[in-house]
Amino acid sequence: GKLTGGEHTLTLSAKDTAGNFVDADKVITIKVTVTVNMTGITVDASNAKTKYTVGDKFSSEGLVVKGTMEDGSTVSIKLEDCDISGYDMTKAGKQTVKVSYRTFSATYEITVNAAPSKGCGGSVIATSVLLSSIAICGVALVLLKKKKEN
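Below or above, wherever it landed, is the structure these notes cover. (Residues numbered from 1 in each chain as written. Predicted model: local features only at pLDDT ≥ 70, side-chain atom pairs only at ≥ 80, totals over all residues. Heavy atoms only, no water.)

Brief notes about the sheet that holds strand β7 (residues 64-69)
Phase 1: Sheet architecture is open: 3 strands sit in the order β5-β7-β8, paired in antiparallel fashion. Edge positions in the sheet fall to β5 (38-44) and β8 (74-77), since each has one partner strand and no second. When strand polarity is set aside, the average angle formed by the axes of neighbouring strands in this sheet is 30°.
Phase 2: Relative to β8, β7 runs antiparallel, the two sharing 4 bridges. (Pairing = 2+ DSSP bridges. Helix = DSSP H or I, 4+ residues; strand = E, 2+ residues; numbered from the N terminus. Axes fitted to C-alpha atoms, helices over the stretch in contact; angles between N-to-C directions.)

Quick look at the structure:
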């Protein structure tokens, strides 16, 4: 059968045409290590933060990176062994984050929302409307008082 990755012990012996072992005392045992190559990586961001606001600090916490091997098995890859790039926390919009390990890479998307406006724009307008209303009422009272005096 096909050997999987790891250490294996092979035992070699010979049989004659009748199926009898020939020289049973001459059995050879060989230890071999089979190396399975990585063919790619995957990134699971389902438990990671993917929505930010401009100015937030990027976090890779919760990302799960796995290597896919040529035999179909997977291995866990530590985040500290990966390079993470492609994000700009100063710009709003959808962004593609690239996770690289050795010669392999995978991506996932984050959204960086615009920061809420700061300042007193709404307060200034409301205050201006209020002061204008008070001034109009004041002028109206002065006019009414003058009319009563005449």
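Brief notes about the sheet that holds strand β9 (residues 83-85)
Phase 1: On the basis of which strands lie adjacent, the open sheet formed by 4 strands has the order β6-β11-β10-β9 and mixed pairing. Here the strands that pair on one side only, and so sit at the sheet edges, are β6 (51-53) and β9. Each strand of the sheet is rotated relative to its neighbour by a mean of 30°, with strand direction disregarded.
Phase 2: Sheet topology note: the β9/strand β10 (residues 93-101) ladder contains 3 bridges and is antiparallel.

Side note on the environment of T103
Phase 1: The topology assignment puts T103 in the loop between β10 and β11 (104-113).
Phase 2: Residues T103 and M38, 65 residues apart in the sequence, show an inter-C-alpha distance of 9.9 Å.

Topic: the packing of aromatic side chains
Phase 1: Throughout the structure, instances matching the rule amount to 2 aromatic pairs.
Phase 2: Summarising the aromatic geometry, the rings of F58 and Y87 are spaced 3.9 Å apart at their centres and angled 15° between planes, so their arrangement reads as stacked. Here F58, found in the loop between β6 and β7, pairs with Y87, found in the loop between β9 and β10; they are 29 residues apart in sequence, far enough to count as distant.
Phase 3: With relative accessibility at 13%, the residue F58 sits in the buried group. (Phe/Tyr/Trp six-rings, centres within 6.5 Å; stacked < 30°, edge-to-face > 60°. Buried < 20%, exposed > 50% of the residue type's maximum accessible area, 1.4 Å probe, protein only.)

Observations regarding unusual backbone geometry
Phase 1: At R102, a residue that is not glycine, the phi angle is positive and equals roughly 55°.
Phase 2: As for its position among the elements, R102 is in the loop between β10 and β11.
Phase 3: Judged by relative accessible area, which is 68%, R102 ranks as exposed.

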